[in-house]
Amino acid sequence: MSTSKPQRSPSEIEDIILKKIFYVTLIEPTDSDPRIVYLEMTAAEILSEGKELLLSRDLMERVLIDRLSGNFSAAEPPFTYLIGCYRRAYDESKKIQSMKDKNLRSEMDIVTKQAKKLSVSYCRIHLGNPDMFGNFDKPSGGMKKKNVSPVLPLIFAEVGSGSLDMFGGSSSSSTSGVQAPPPGFLDEFFKDSDFDSLDPILKELYEDLRSTVINVSVLGDFQPPLRALKYLVSLPVGAKSLVSHEWWVPRGAYMNGRAMELTSILGPFFHISALPDNTLFKSQPDVGQQCFSEASERRPADLLSSFSTIKNFMNILYSGLHDVVMILLKSTDTRERVLQFLAEVINANASRGHIQVDPVSCASSGMFVNLSAVMLRLCEPFLDPHLTKRDKIDPKYAFCGHRLKLSDLTALHASSEEVTEWIGKDNTENRNESRLLQSKEATSSSSNASGQNAKSTTKFTFICECFFMTARVLNLGLLKALSDFKHLAQDISRGEDNLASLKAMRDQAPSPQLELDISRMEKELELYSQEKLCHEAQILRDGDFIQRALSFYRLVIVWLVGLVGGFKMPLPATCPMEFSCMPEHFVEDAMELLIFASRIPKALDGVLLDDFMNFIIMFMASPEYVRNPYLRAKMVEVLNCWMPRSSGSSATSTLFEGHQLSLEYLVRNLLKLYVDIEFTGSHTQFYDKFNIRHNIAELLEYLWQVPSHRNAWRRIAKEEEKGVYLNFLNFLVNDSIYLLDESLNKILEIKQIEADMSNTAEWEQRPAQERQERTRVFHSQENIVRIDMKLANEDVTMLAFTSEEITAPFLLPEMVERVANMLNYFLLQLVGPQRKSLSLKDPEKYEFRPRQLLKQIVRIYVNLARGDSENIFPGAISSDGRSYNEQLFNAGADVLRRIGEDGRTIQEFMELGTKAKAAASEAMDAEAALGEIPDEFLDPIQYTLMRDPVILPSSKTTVDRPTIQRHLLSDNHDPFNRAHLTSDMLIPDVELKARIDEFVRSHQSKKRTSGDDSSSNKERIQTTSSDMLID
């Protein structure tokens, strides 16, 4: 008969459980388990106290201390041992649940809970005081090395990280092969303790996390640290510890933007990027080298795969960083410190807004692009379609906010002195308002009133702070990166041209130095290409990123318009100071982003563009609101991108053809800007205006084809016949003459170089350096001619189609001679005796189309003749002493017949030539009849007889009215002393006019019987023949 197993007492069961948990015994073990430690000294002390040698909850802490403090062979390091204790306690707690005795189960459950709590507590104690329980974790050899916190691998395992070898440890290190933490361990570790004991542990964890991502690119293993960071800040104690860390906002005499990026806790996380950085701070793996090396030889599918991979990884980073920042912002305990961090980063990197950025003193482009993406995500709650929360944005933040330094930025219109004066006045009003509020407070608080200042009345909402910070971050981040991308594209284009030139020179005169130069240029182009593709992958390929930015700038635009009273025209006569003092880059960045987005397929899909369109129409011709003419010109560049034929989208056509403000003001404001851009104040204004007017001209040509806009154009020409439209016409003529003249002169230079190069024998005898320089000049001149001819063709085309329906302004006294001189000059160049010198092997290469140009010129002649009801145009043509010759019309007609021009046009052109010849004869007869004209009757500028003399008020000089009015079209200064002058300031010289009229009458009344053939004295060109015709 078998004997029953003796029943164990609760004390014995407790002893067994604690032995399994802590791997200790008070009785010399009989088994050979090396993990069990015999606490001989502890057992002796317990026996001396008259107690049983059984482990119990009362002895638990005492036993644990002795185990940790003792020097036992083959014992685990303290932290590893304590984690094991917690895990074993957790396992025992699950086994206890199967006990049938409810009371015993309850008692043992208390034991395991106490064991877990004690394990966690001593983990904290050990981490806070690593030397307390021996030196297990210290490296051997006496070398000082900062160990990674043993908690970090547990956090990585908890948040689902991948590899744990990012610390650089070997397989035997304490961080490799770590199991996931026991269930509940981290919760107990971080949540059931006071802040002071956890703070140093957390700070060390943040430092370790920061070190794991330094110089890690987006292709590196950044996700485990990022998840760990998010986990820690989600703990209230973790968030508090992070923002109180001395590296949260690093301080120091030499602290700058780059140092803040490197030393702050969050800086290295924001540095993770696909964008290349300076070689001193280069991240690994190298994204450009790994994804885009020799991109031209890669399959398109491979490039698309790389783009997609980078975009996905970047969005993981953006989301993680946004979550971290958002968690910190939601807590009132940490929000202020987060805003302080953002402001400090922005202010320390203000010089990123400069053209040249110092990579040693400024944070990386990658950091600010990442920060841009995070800030845009923070703005999403107030970027709803109706922008309902925009009233929470206070313009005073730009000047009274204590975080961002905005008052030093270039303002939309106000000068720096005006901004300073306005801020000072506003602050005084704030202080007065503050004192008034304080005087109404209870007497008990009056003693504190003197210590208050204006800040008490200027507390700004989070939406307001987020708005201004995002605008600054985008300026220094996203928009700066887009600018870098544009410059990279330009560098690549120039580099390819230089490479082609070098290879051409090598073909003509090979040399070792040329081979070195070609190799160097190819390597440079490869690096440029990689950088460009990295920018494209992180920014331009991320449609969500671009659309978020567009939504934000729509808010900026709508909010700015609200400062001037909303979307309505005309604008108030006086620009409000709130608008005038706003940073100029708010608008410039919006325009730059629109230009970039317009060139990215589908980037504008779903974007509400009407508000942008309204803003551009309102301000592009309003220098009283937007001082910078180049910024207003950039608005035209946006419209140019939106033209249906440029954008490739029919959606944008409604912006021009069905938009109320557009139909009423677009043409008017484009014409006004065309005039205003003549004087920008820049030393390069003469050349800048051509590019700007090129964009305006393309827009105007498109609008002329829209009936509603053409009607508006005709109305403006009539209303502003002697105003802005006359000025527009004058500058259009000036530009046409200059551009064509420059082009034709440079064509002669190109032909000379071509002739030199074609003489191979003589060319080879020239020094190599001279040949290289001549080749460089040749390519440079080719580019200039191509551009100038393209612009000249545009201007002549615009003169042709507008003169068909609008002729009156062309025929005004101050304009008609100028137009006639231009047409005569063009005609002389195209059909005159010098035209053979302009023949080119490939004229189309230079945009030089002489046949088409001649047709346009003749079309203008004929259009103006049709509208010349007073027959003044023929006289203006024949009075041109520089280019007019009666035979030019015959030569032109012959060429027109050869190239298939309409017969009616040719007939009218010939009739105009006949009228001009008759007018020339009449003019010569009249001049002969007048004889010697007194000097006082001659215009001092043109030396022609004055018909309407006027006195200039400043210099007191008398000139002919058409002469000075023609001058004022281009320059509103007295030509004799540079004093300001306008047409309404001219003083009619009535007495002199009467004397001139009398002089003319008296001489015309005399009959002249001289039979001199005046026409025989007139210089003539050779008779038209086949060799004068355009080939």
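Just so it is clear, the structure is predicted and the values come from calculations on it, not from any experiment.

What counts as what
- Residues numbered from 1 in each chain as written.
- Predicted model: local features only at pLDDT ≥ 70, side-chain atom pairs only at ≥ 80, totals over all residues.
- Heavy atoms only, no water.
- Helix = DSSP H or I, 4+ residues; strand = E, 2+ residues; numbered from the N terminus.
- Rg over C-alpha atoms; globule rule 2.2 N^0.38 Å.
- Buried < 20%, exposed > 50% of the residue type's maximum accessible area, 1.4 Å probe, protein only.
- Contact = heavy atoms within 4.5 Å.
- Areas by Shrake-Rupley, 256 points an atom, 1.4 Å probe, with all protein chains shown as cover.
- Lys, Arg positive; Asp, Glu negative; His and termini not counted.
- Charge placed at Lys NZ, Arg CZ, Asp CG, Glu CD.
- Axes fitted to C-alpha atoms, helices over the stretch in contact; angles between N-to-C directions.
- Parallel < 35°, antiparallel > 145°, perpendicular 65-115°, else oblique.
- Left-handed = near helix turned anticlockwise from the far one by under 90°.
- Nonpolar A, V, L, I, M, F, W, Y, C, P; charged D, E, K, R; others polar.
- Polar contact = N/O pair within 3.5 Å; in protein donor to acceptor, adjacent residues only side chain to side chain.
- Phe/Tyr/Trp six-rings, centres within 6.5 Å; stacked < 30°, edge-to-face > 60°.
- Lys NZ or Arg CZ within 6 Å of the ring centre and 35° of its normal.
- Pairing = 2+ DSSP bridges.
- Core = buried A, V, L, I, M, F, W, Y, C linked by side-chain atoms within 4.5 Å.
- UniProt positions renumbered as here; feature names shortened; annotations may be inferred.
- Salt bridge = Lys/Arg side-chain N within 4 Å of Asp/Glu carboxyl O.
- Domains from an automatic or database assignment.
- Expected span 1.5 Å × (residues − 1).

*Asks:* Looking at this model, I keep getting lost on the overall build of the protein chain. Mind explaining?
*Replies:* Counting its regular elements, the protein chain contains 41 helices and five strands. The globule rule puts the C-alpha radius of gyration for 1031 residues at 31 Å, and the 42 Å found for the protein chain is more than 25% above it. Counting the 1031 residues in the protein chain, one finds 49% classified as buried. Of the contacts formed within the protein chain by residues at least 6 apart in sequence, a portion of 76% connects residues at least 24 apart. For the protein chain, the exposed area adds up to about 48900 Å²; of that, 50% sits on carbon and sulfur atoms. Between the averaged position of the 118 positive side-chain charges in the protein chain and that of its 143 negative side-chain charges there is a distance of 3 Å.

*Asks:* What is the right way to read the packing of helix α8 (residues 195-213) against helix α10 (residues 236-243) from this model?
*Replies:* Each pair of packed helices can be summarised by the angle the axes make with each other and by the distance between the axes. With their axes 9 Å apart at the nearest point, α8 and α10 run at an angle of 65° to one another. It follows from the interaxial angle that α8 and α10 lie roughly perpendicular. For the pair α8 and α10, the sense of crossing is right-handed. Residue-level contacts link F195, L198, D199, L202, K203 and Y206 of α8 to V237, G238, A239, K240, S241 and L242 of α10. Considering only residue class, the contact of α8 with α10 consists of seven nonpolar, two polar and three charged.

*Asks:* Got a minute to help me understand the environment of Y86 in this structure?
*Replies:* Structurally, Y86 can be placed in helix α4 (residues 78-96). For Y86, a relative accessible area of 1% translates into the label buried. Taking C-alpha positions, Y86 is 9.3 Å from K113, a pair spaced 27 residues apart along the chain. For Y86, the residues in contact, after removing those within four places along its chain, are K116, S119, V120, P182, P183, G184, F185 and E188. Side chain to side chain, Y86 and E188 meet in a polar contact 2.7 Å long.

*Asks:* Explanation requested: the packing of aromatic side chains in the structure shown.
*Replies:* Each pair of aromatic rings is reported with the distance of its centres and the angle of its planes. This model, assessed by the stated rule, comprises 36 aromatic pairs. For the ring pair Y397 and F460, a centre distance of 5.1 Å and an interplane angle of 80° mean the geometry is edge-to-face. Linking Y397 in helix α17 (residues 397-400) with F460 in the loop between α18 (416-439) and α19 (462-476), this pair joins segments that are 63 residues apart in sequence. Relative accessible area serves as the criterion here: at 2%, Y397 is assigned to the buried category. Measuring from centroid to centroid gives 5.0 Å for Y674 and F728, while their planes differ by 80°, and the two rings are edge-to-face. Taken together, the residues Y674 in helix α29 (residues 660-676) and F728 in helix α32 (residues 724-758) connect sequence positions 54 residues apart. Judged on exposure class, the residue Y674 and its partner F728 are both buried. Taken together, the ring pairs in this structure connect Y397, F460, F467, F468, F552, Y553, W559 and F586 into an aromatic cluster. Above the plane of the ring of F189 lies R124, whose end atom (NZ or CZ) is 5.8 Å from the centre. Above the plane of the ring of F281 lies R258, whose end atom (NZ or CZ) is 3.8 Å from the centre.

*Asks:* Quick question: what am I supposed to make of the sheet that holds strand β3 (residues 949-951) here?
*Replies:* Whenever strands of a sheet pair, they do so through backbone hydrogen bonds, lying parallel or antiparallel. Taken in spatial order, the three strands line up as β4-β3-β5 in an open sheet, and their pairing is antiparallel. Looking at the sheet topology across the chains shown, the edges are occupied by β4 (958-960) and β5 (987-988). Two strands pair when backbone bridges link them, and β3 and β5 are joined in this way by two bridges, in the antiparallel orientation. Residue pairing for β5: I951 is matched across the bridge by I987. Along the sheet, helix α40 (residues 961-968) contacts β3, β4 and β5; its crossing angle with β4, the most-contacted strand, is approximately 85°.

*Asks:* Sorry, what's going on with the nonpolar core here?
*Replies:* Most often, soluble globular proteins have nonpolar side chains that are buried together. Ranked by internal contacts, the top residues of the largest apolar core, which has 290 residues, are F190, F468, M591, F619, W642, F656 and W713. Here this core gets 14 residues from one element, more than from any other, and that element is α32. Ranked by size, the runner-up nonpolar core spans ten residues in total, among them L930, I933, L945 and F999.

*Asks:* Where do I start with the UniProt feature "coiled-coil region" (unreviewed entry) in the protein chain in this structure?
*Replies:* UniProt's feature table lists "coiled-coil region" (unreviewed entry) at residues 511-538, given in the numbering used throughout. Across residues 511-538, helical content stands at 96% and strand content at 0%; the span's end C-alpha atoms are separated by 41 Å.

*Asks:* Explain the pattern of salt bridges to me, please; I cannot follow it from the model alone.
*Replies:* If charged atoms from side chains of opposite charge come close, those side chains can pair. Under the defined criterion, the tally for this structure stands at 54 salt bridges. Put simply, K51 and E49 hold a salt bridge, and the shortest N to O gap is 3.6 Å. Overall, K51 belongs to the partly exposed group, its relative accessible area being 44%. A salt bridge links R849 to E847; the nearest nitrogen and oxygen atoms lie 2.8 Å apart. Three or more residues joined by partner-sharing salt bridges are found here, namely D756, E762, R766, E770 and R774.

*Asks:* Before we go on, may I ask you to explain the domain arrangement of the protein chain in this structure?
*Replies:* As a measure of interface size, the accessible area lost when the parts come together is often cited. For the protein chain, the domain assignment lists domain 1 (10-128), domain 2 (196-383), domain 3 (484-540), domain 4 (721-930) and domain 5 (935-1006). Taken over C-alpha atoms, the centre of domain 1 sits 104 Å from the centre of domain 4.

*Asks:* How should I be thinking about the side chain of T807 in this particular structure?
*Replies:* If you trace the backbone, T807 turns up in the loop between α34 (768-803) and α35 (813-831). Owing to a relative accessible area of 16%, T807 belongs among the buried residues under this scheme. Excluding residues that lie within four positions of it along the chain, T807 makes contacts with N863, L864 and G867.

*Asks:* Please clarify how helix α36 (residues 850-866) should be interpreted in this entry.
*Replies:* An α-helix turns once per 3.6 residues; consequently, residues spaced three or four apart project the same way. Between its terminal C-alpha atoms α36 stretches 24 Å, which fits the 24 Å expected from 17 residues at 1.5 Å a residue. Listing the buried residues of α36 in full gives P850, L853, L854, Q856, I857, V858, I860, Y861, V862, N863 and L864.

*Asks:* Explain α8 to me, please; I cannot follow it from the model alone.
*Replies:* With 19 residues, α8 ought to run about 27 Å at 1.5 Å a step, and its terminal C-alpha atoms sit 27 Å apart, in line with that. Phi turns positive one or two residues past the end of α8, at N215, with a value near 60°.

*Asks:* I tried to follow unusual backbone geometry on my own but got confused; where do I start?
*Replies:* Note: most peptide bonds trans; most residues except glycine with negative phi. Here the amide bond leading from Q284 into P285 is cis, since omega sits at -5°, within 30 degrees of zero. Within the fold, P285 resides in the loop between α12 (267-271) and α13 (287-292). With an omega dihedral of 0°, the bond running from M569 to P570 counts as a cis peptide bond. Phi angles above zero are rare outside glycine, and Y23 is one such case at about 55°. Summarising the element assignment, Y23 is placed in the loop between α1 (10-22) and β1 (24-25). Of note in this structure, N215 is not a glycine but carries a positive phi near 60°. Structurally, N215 is set in the loop between α8 and α9 (223-233). The partly exposed category is assigned to N215, whose relative accessible area is 33%.

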